[in-house]
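Results of the structural survey
Residue strings, one per chain:
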Amino acid sequence: MAETSTVRTVTGRTTSTPHTRVLGLVTLVGVAWLVLFGLVLSPADQNQGESVRILYLHAPAAWLAYLAFVVTAAASALFLFTKRHSLGWDRLAGASAEIGVLFMAITLVVGMLWGRLTWGVFWRWDARLTTTAFLFVTYIGYLAVRRLGGTAEQRAQRSAVLALLAVLEIPLVHFSVKLWRGLHQDATVLRPNGDVKLDNLMLFTLLSGIVTFTLMYVWLVIHRQRTLTAEDLLDDVGLELALAERRRESIPSRPPVPQAEVPITEVKVPS
Amino acid sequence: MTWRRTAWLIARRDLLVEWRSRIALNQVFPFAGIVMVMFGFAIDDTSLMERIAPGLVMLATMFALLVLVQRSFAVESEDGALDALRTAGVSSSALFWGKSLAMAVQLAALEALLVLLAVLLYGSTVRASGVALLLATWLVTSWGLATVGTLYGGLAAGARGRETLLPLLLLPVVAPVLIGATRAVEAALGARGSVADGWPWMGLVAVFAAVFCAGGTLAFGPLIDE
């Protein structure tokens, strides 16, 4: 059975393995590296001044969020269109979406702070910002649908279809918001991406941020996916326990039904 | 029974249930009306009201859409009608089209009422050159909102907490309709731009309706099968 390796991982009380420990360590080093280059070694920008340093967090967080949502869509498609309908894909989609929402929130908050410093306003109604906000809300809805209840299979099917509908929705929203902005372009202090020139050290810092955040994403998604597997297993075990309990109640004089006990003793519940 | 006949029967059934219970007529339409009056209280500027009337009409439509969709699926899940239909072998795409059609009819009636209210309350005027655009926008908006409402209503049907979940799922999705239909109606009523400016916006709503009509036809089955 394909689940056995996961079960073994789950029954040991941690979601980490030697590989993920190394990955976590490398990510930590990457974060320290990014802090060093972002806050100390890289120069201030000619136009933006010190506030350019916010972008070393903002851009990698945005990249991570978009990457996470692409993985969610791909994993949902794999769940729906492969013959096995493996719940592993569903849990990968769920784990990835959670991380995506978290980092999308970071992107938006940090981006607003940068906007206040650079443009003088927290929010501009341009297409990219507005679509990002919509993406954020859409995936909050996706996570809510995952918590609707029912069996793991119901959850997987519902959320996979929803994730693919989001793939339809997002380009439409982006396109319409872009058209909408084209109608009355407002004057702004600085065009986004317009004349921001990056020197080599800045570019290097930004790239190391993206590499670090990608590693962080992989590390987070592995752990979250394993936690979700444990939760699903716990649900199954809980159901079996409840069934056995009912059976015992119905036959008070006799000892517990033996076959109901078998699966419970096999799978240890992680405490 | 052919696919088309099934869809038609479902649409007829939904409209008949609606007509006999009069929920849409006695509760949802007055709700949309009071929303229009509340907009008036909140904005309190006659010249501004006239300019933003199309947007307010669309917003009131969206709020009413949420209520209509919930009603449409509450009827289904109360007596397990949805499960019974699926067990009886009714194809999910026919079910989707039938329910969308019934929803579109109700929405079309609602929008007509709201435009009338905008004329009465906000001083909007319908110009002769904009009538064709207004009618086209009216049709594609009703159809687009109905398909997407049915699709997401099916997802939330039968789930605990669906009353709170549906607005969260549906409102971000219908944003393109809000943008497109508002601009088109603004052009048709002369609130902003010329009539010719409005047609591409109507096209945007039509694209939206086509995409979600196709998406719903494919996805409705997996969404409601449980």
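Scroll up to find the structure this text is about.
Residues numbered from 1 in each chain as written. Chains lettered and ligands numbered in written order. Predicted model: local features only at pLDDT ≥ 70, side-chain atom pairs only at ≥ 80, totals over all residues. Heavy atoms only, no water.

Considerations on the overall build of chain B
When helices and strands are counted, chain B shows nine helices and zero strands. Each helix and strand of chain B, ordered N terminal to C terminal, gives the series α-α-α-α-α-α-α-α-α. Its C-alpha radius of gyration of 18 Å places chain B within 12% of the 17 Å reference for a compact globule of 226 residues. If one aligns the C-alpha atoms of chain B with their principal axes, the spans along those axes are about 55 × 30 × 30 Å. With 226 residues in all, chain B has 54% of them scored as buried. (Helix = DSSP H or I, 4+ residues; strand = E, 2+ residues; numbered from the N terminus. Rg over C-alpha atoms; globule rule 2.2 N^0.38 Å. Buried < 20%, exposed > 50% of the residue type's maximum accessible area, 1.4 Å probe, protein only.)

Structural notes on the overall build of chain A
Within chain A, the regular secondary structure consists of eight helices and zero strands. Of the regular secondary structure in chain A, the N- to C-terminal order runs α-α-α-α-α-α-α-α. When each of the 271 residues of chain A is scored for burial, the buried share is 40%. For chain A, the exposed surface amounts to about 14,900 Å²; the carbon and sulfur share of it is 68%. (Areas by Shrake-Rupley, 256 points an atom, 1.4 Å probe, with all protein chains shown as cover.)

Notes on the side chain of Ser93(B)
Residue and element names in this part refer to chain B. Within the secondary structure, serine 93 is located in helix H5 (residues 92-122). Exposure remark for serine 93: the relative accessible area of 16% places this residue in the buried category. Within the local environment of serine 93, its side chain forms a polar contact with the side chain of tryptophan 3, the two groups lying 2.9 Å apart. In contact with serine 93, other than residues within four places in its own chain, are Trp3 and Thr217. (Polar contact = N/O pair within 3.5 Å; in protein donor to acceptor, adjacent residues only side chain to side chain. Contact = heavy atoms within 4.5 Å.)

Quick notes on the nonpolar core
Soluble globular proteins tend to pack their nonpolar side chains together in the buried interior. The biggest cluster of nonpolar side chains holds 117 residues, and the ones touching the most others in it are Leu151(B) and Tyr152(B). In contact with Leu151(B), other than residues within four places in its own chain, are Leu165(A), Phe96(B), Phe212(B), Gly216(B), Ala219(B), Phe220(B) and Leu223(B). (Core = buried A, V, L, I, M, F, W, Y, C linked by side-chain atoms within 4.5 Å.)

A word on the pattern of salt bridges
Residue and element names in this part refer to chain A. This structure, assessed with the given rule, holds 14 salt bridges over all chains. Among the ionic pairs, aspartate 90 bridges to arginine 155, the shortest N-O distance being 2.7 Å. Taken together, the residues span a long stretch of sequence, with aspartate 90 in helix H4 (residues 87-118) and arginine 155 in helix H6 (residues 152-183) at a distance of 65 residues. Each of the two residues, aspartate 90 as well as arginine 155, counts as buried. (Salt bridge = Lys/Arg side-chain N within 4 Å of Asp/Glu carboxyl O.)

A look at unusual backbone geometry
One non-glycine residue, His85(A), lies in the positive phi region at around 50°. Within the secondary structure, His85(A) is located in the loop between helix H3 (55-81) and H4. When its relative accessible area of 40% is taken as the criterion, His85(A) is described as partly exposed. The backbone of Arg22(B) shows a phi angle near 60°, a positive value even though the residue is not glycine. As for its position among the elements, Arg22(B) is in the loop between helix H1 (3-21) and helix H2 (23-43).

Section: the environment of Val207(B)
Positionally, Val207(B) belongs in helix H9 (residues 195-224). For the pair Val207(B) and Pro176(B), spaced 31 residues apart in the sequence, the C-alpha separation amounts to 10.0 Å.

Observations regarding the packing of helix H3 (residues 46-78) of chain B against helix H8 (residues 175-189) of chain B
All names here are of chain B. Direction vectors running N to C along H3 and H8 enclose 140°, while the axes themselves pass 8 Å from each other. When the interaxial angle is binned, H3 and H8 end up oblique. Between H3 and H8 lies a crossing whose hand is right-handed. Across the interface between the two elements, Arg51, Pro54, Gly55, Met58, Leu59 and Met62 of H3 pack against Val177, Leu178, Ala181, Thr182, Val185, Glu186 and Leu189 of H8. Of the residues belonging to the contact of H3 with H8, the class tally is nine nonpolar, two polar and two charged. (Axes fitted to C-alpha atoms, helices over the stretch in contact; angles between N-to-C directions. Parallel < 35°, antiparallel > 145°, perpendicular 65-115°, else oblique. Left-handed = near helix turned anticlockwise from the far one by under 90°. Nonpolar A, V, L, I, M, F, W, Y, C, P; charged D, E, K, R; others polar.)

Quick notes on the packing of aromatic side chains
Within this structure, the stated rule accounts for 13 aromatic pairs over all chains. Each ring, one from Phe103(A) and one from Phe213(A), has its centre 5.9 Å from the other, and the planes form 80°; the classification is edge-to-face. Pair noted here: Phe103(A) is in helix H4 and Phe213(A) is in helix H7 (residues 200-250), with a separation of 110 residues, a long-range link. As far as the burial class goes, Phe103(A) and Phe213(A) line up, both buried. Aromatic side chains Trp3(B) and Trp97(B) sit 6.0 Å apart centroid to centroid with 70° between the ring planes, which places their arrangement in the edge-to-face category. With a gap of 94 residues between them, Trp3(B) in helix H1 and Trp97(B) in helix H5 connect regions that are remote in the sequence. What makes Trp3(B) partly exposed here is its relative accessible area of 39%. (Phe/Tyr/Trp six-rings, centres within 6.5 Å; stacked < 30°, edge-to-face > 60°.)

Thoughts on the interface of chain A and chain B
Tallying the contact residues gives 27 residues for chain A and 27 residues for chain B. Roughly 2,300 Å² is buried in total at the junction of chain A and chain B, and carbon and sulfur atoms are behind 79% of that figure. Summed over the three residues of chain A that lose the most area to chain B, namely Leu148(A), Leu165(A) and Leu172(A), the buried surface amounts to 24% of that side. If you look at where chain A meets chain B, you find zero salt bridges. There are one residue pair in polar contact (both at pLDDT 80 or more) connecting chain A and chain B. Residues of the side of chain A that touches chain B, tallied by class, amount to 18 nonpolar, seven polar and two charged. (Buried area = accessible area lost by both parts, 1.4 Å probe.)

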